[in-house]
Amino acid sequence: MQLSCPDCESELANSGELKRHCPSCDSDFVINVCCRECGQPLQRLKACGAVSFWCDHCNELKSKSTAIYNLVKQA
Ligand SMILES: [Zn+2]
Ligand SMILES: [Zn+2]
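Our subject in this report is the structure included herewith. Only a predicted model underlies this, so the values are computations on that prediction, with no experimental measurement involved.

How each quantity is defined
Residues numbered from 1 in each chain as written. Chains lettered and ligands numbered in written order. Predicted model: local features only at pLDDT ≥ 70, side-chain atom pairs only at ≥ 80, totals over all residues. Heavy atoms only, no water. Pairing = 2+ DSSP bridges. Helix = DSSP H or I, 4+ residues; strand = E, 2+ residues; numbered from the N terminus. Axes fitted to C-alpha atoms, helices over the stretch in contact; angles between N-to-C directions. Salt bridge = Lys/Arg side-chain N within 4 Å of Asp/Glu carboxyl O. Buried < 20%, exposed > 50% of the residue type's maximum accessible area, 1.4 Å probe, protein only.

This part takes up the sheet that holds strand E4 (residues 43–47). Within a sheet, adjacent strands bond to each other through the backbone by hydrogen bonds, running parallel or antiparallel. Taking strand neighbours across the sheet as the criterion, the 3 strands line up as E4-E5-E6 in an open arrangement whose pairing is antiparallel. At either margin of the open sheet sits one strand with a lone partner, and together these are E4 and strand E6 (60–62). Neighbour-to-neighbour, the strand axes of this sheet turn through a mean angle of 40°, independent of strand direction. In terms of strand pairing, strand E5 (residues 50–55) meets E6 through 3 bridges, oriented antiparallel. Counted as the bridge partner of Trp-54 is Leu-61 from E6.

Within this structure, the stated rule accounts for 4 salt bridges. Note that Lys-73 is salt-bridged to Asp-7, the shortest N-O span being 2.8 Å. With a gap of 66 residues between them, Lys-73 in strand E7 (residues 68–73) and Asp-7 in the segment before strand E1 (13–16) connect regions that are remote in the sequence. Since its relative accessible area comes to 46%, Lys-73 is described here as partly exposed.

The quantities given are spatial measurements derived from coordinates; they are silent on function.
This is the structure:
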C-alpha cells in the first residue's frame, strides 16, 4: 500500500512494519489500522505469512484491502 505524507504529500518510505517515514519533512509515522465498518482499531493477525486483521467489535476477520489506514505522526 502506498501512502503519502499528510503534510507535504511526498511518498512515504517504508521504515518498518506499519511504520512510515517522510524524507521531506523528516517525520515518522505509525499506521493505525481501523475497521471500515465500525471505525475501531483492528488487531493484526499473521498466519502463514499473510497479514489480515481482526475486528473485536464486528467480531470478524477483515482483509487488509478493506481496512482504513490512518497515519499517526510520532513526536
Ligand atoms: Zn512530509
Ligand atoms: Zn469493525
